[in-house]
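Residue-level structural notes
Here's the letter readout for the chains.
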Amino acid sequence: MQTGVGKSKIGRNDHCPCGSGLKYKKCCGKTDPDAAEKADLSSSRWLVRRQVLLAVGVIGGLALDTAMPKLTWFTALAAASIVALTILGWLAIKKNRSLNPYSNADIPDIDWSDPCSLTEPFFPISRYPVRFFLVVSAMAFAGGIAVTVRNYLIDGRIIAPVAGLFLALGGLTLVVLLPWLQQCRFEHDEGKNN
């Protein structure tokens, strides 16, 4: 069904497109008949938020490079590895808890769908963990690239430890997310076939 040019209709039991985590009927669908226009605006806001966070990654990388001139390669790679392993453990726990029907914990709906979308919400982290960590990975890559370019242009160095920290953090986070990305794609394809 279409509700205008290129806009699909939102079901009452679907999650609200504003990113609140509530069902549409309990959120924007309750009081606002023009929720489709709000959804379009919300989508563009999530894209802008991603762009702002990429800029923050660049600025953070450049600031950290000047603030930590004595960072060693060992420390940089150890820190990136610890963060990536922590993310892996956290995602595994979240996935297992969300699938466990005997869990007594009050677990909010976790959205594992469409992890690579640029216009879907990525926050709160408890609702959109894979999207959130993809944004973190992109921020780290952006910071590492910015530090590498700056160091090459100013000092002639190719990769300094701070750039390595950011690049390793982005890369290891992406490696950790690959199984989830493949699983989300598989589940999405299975849903289309049924």
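All residue numbers here refer to positions counted from 1 along the written sequence of the relevant chain. Selection of residues for local features in this predicted model requires a pLDDT of at least 70, selection of side-chain atom pairs for listing and counting requires 80 or more, and totals for whole chains, interfaces and linings are taken over all residues. Based on all heavy atoms of the structure, the side-chain values leave hydrogens and waters out of the count.

So, the overall build of the chain
Scanning the chain from N- to C-terminus turns up five helices and zero strands. Per-residue burial for the chain yields a buried fraction of 34% across its 194 residues. Contacts in the chain between residues far apart in sequence, at least 24 positions, make up 59% of those at least 6 positions apart. With an accessible surface of roughly 11800 Å², the chain has 63% of that area assigned to carbon and sulfur atoms. For the purposes of this entry, the term helix denotes a DSSP run of H or I that reaches at least four residues, the term strand denotes a run of E that reaches at least two, and both are numbered from the N terminus. Accessible area is worked out with a 1.4 Å probe on protein chains only. A residue is then buried under 20% of its type maximum, exposed over 50%, and partly exposed in between. Contacts: residue pairs with any heavy atoms within 4.5 Å of one another. What sets the accessible areas is the Shrake-Rupley method with a 1.4 Å probe; for residues, cover comes only from the shown protein chains.

Here's the deal with the nonpolar core
The biggest cluster of nonpolar side chains holds 17 residues, and the ones touching the most others in it are Leu 91, Trp 112, Val 130, Phe 133 and Leu 177. Secondary structure elements with two or more residues in this core: α3 (73-99), α4 (129-154) and α5 (161-193). Sort the elements by how many residues they give to this core and α4 lands first, with six residues. Not counting chain neighbours up to four residues away, the residues in contact with Phe 133 comprise Ile 87, Trp 90, Leu 91, Ile 125, Thr 173 and Leu 177. Residue types Ala, Val, Leu, Ile, Met, Phe, Trp, Tyr and Cys, when buried and joined through side-chain atoms within 4.5 Å, form a set referred to as a nonpolar core.

Describing the packing of aromatic side chains
Side-chain rings of Phe, Tyr and Trp (the six-membered ring for Trp) are treated as a pair once their centres are within 6.5 Å; stacked means planes under 30 degrees apart, edge-to-face means over 60, and tilted covers the remaining angles. The final tally for this structure, using the stated rule, is four aromatic pairs. Relative to Phe 133, the ring of Trp 90 has its centre 5.8 Å away and its plane inclined at 75°; by these criteria the two rings are edge-to-face. Separated by 43 residues along the polypeptide, Trp 90 in helix α3 and Phe 133 in helix α4 bring together distant segments of the chain. Phe 133 gets classed as buried once you look at its relative accessible area, which sits at 8%. Note on Phe 132 and Phe 133: the rings are 5.3 Å apart at their centroids and 80° apart in plane angle, and the pair reads as edge-to-face. Site record: aromatic cluster; members linked through ring pairs are Trp 90, Phe 123, Phe 132 and Phe 133. Above the ring of Trp 46, the side-chain terminus of Arg 49 is found at 4.4 Å from the ring centroid. The criterion is that NZ of a Lys, or CZ of an Arg, lies within 6 Å of the ring centre and within 35 degrees of the ring normal, and then a charge sits over that ring.

What about a nonpolar patch on the surface?
Grouping into patches uses exposed residues only, defined as over 30% relative accessible area, and leaves out salt-bridged ones; the cut-off is 9 Å for like charges and 5 Å for nonpolar side chains (Val, Leu, Ile, Met, Phe, Trp, Tyr). In what follows, salt bridge is the name for a side-chain nitrogen of Lys or Arg lying within 4 Å of a carboxyl oxygen of Asp or Glu. On the surface, Trp 73, Leu 77, Ile 145, Val 149, Tyr 152, Leu 153, Ile 154, Ile 158 and Ile 159 cluster together into a nonpolar patch covering about 940 Å² of accessible area. Contributions of two or more residues to the nonpolar patch are made by α3 and α4. Sort the elements by how many residues they give to the nonpolar patch and α4 lands first, with five residues. Note that Leu 153 resides in helix α4.

Side note on the environment of Pro 129
Secondary-structure assignment places Pro 129 in helix α4. We classify Pro 129 as buried; its relative accessible area is 0%. Each C-alpha atom of the pair Pro 129 and Ile 110 lies 7.8 Å from the other, and the pair is 19 residues apart in sequence. Not counting the four nearest positions on each side in its chain, Pro 129 is found in contact with Trp 90, Leu 91, Ile 110, Asp 111 and Trp 112.

A word on the side chain of Thr 173
Looking at where Thr 173 falls in the secondary structure, it is placed in helix α5. What makes Thr 173 buried here is its relative accessible area of 0%. When near neighbours in sequence (up to four residues on either side) are disregarded, Thr 173 contacts Ala 84, Ile 87, Phe 133 and Ser 137.

Considering the layout of surface pockets
Estimated volume of the second largest pocket: approximately 250 Å³. The distinction between a cavity and a pocket rests on a 1 Å grid over the protein atoms alone: a 1.4 Å probe fits inside a cavity but cannot get out, while a pocket stays open yet meets protein on both sides within 12 Å along at least five of seven lines, and a residue with an atom within 4 Å of a point counts as lining. As for the second largest pocket, its lining consists of 15 residues, and the residues nearest its centre are Arg 50, Leu 118, Leu 134, Val 135 and Ala 138. With six residues, the single largest contributor to the lining of the second largest pocket is α4. Gly is placed with the polar residues, together with every amino acid not listed as nonpolar (Ala, Val, Leu, Ile, Met, Phe, Trp, Tyr, Cys and Pro) or charged (Asp, Glu, Lys and Arg). Looking at side-chain class alone, the lining of the second largest pocket contains ten nonpolar, three polar and two charged residues. Grid points are joined across faces, edges and corners, and a volume is the space filled by probe spheres set on the points.

Considerations on the confidence of the model for the chain
Across the chain, each position has a pLDDT score giving the predictor's confidence in that residue, from 0 to 100. With 77% of its residues at a pLDDT of 70 or more, the chain shows a mean pLDDT of 78. For the chain, helix α1 (residues 28-31) is the element with the lowest average pLDDT, namely 67, and α4 is the one with the highest, namely 90. Taken together, the stretch residues 1-7 has pLDDT below 50 and engages in eleven contacts with residues farther than four places along the chain or on a different chain.

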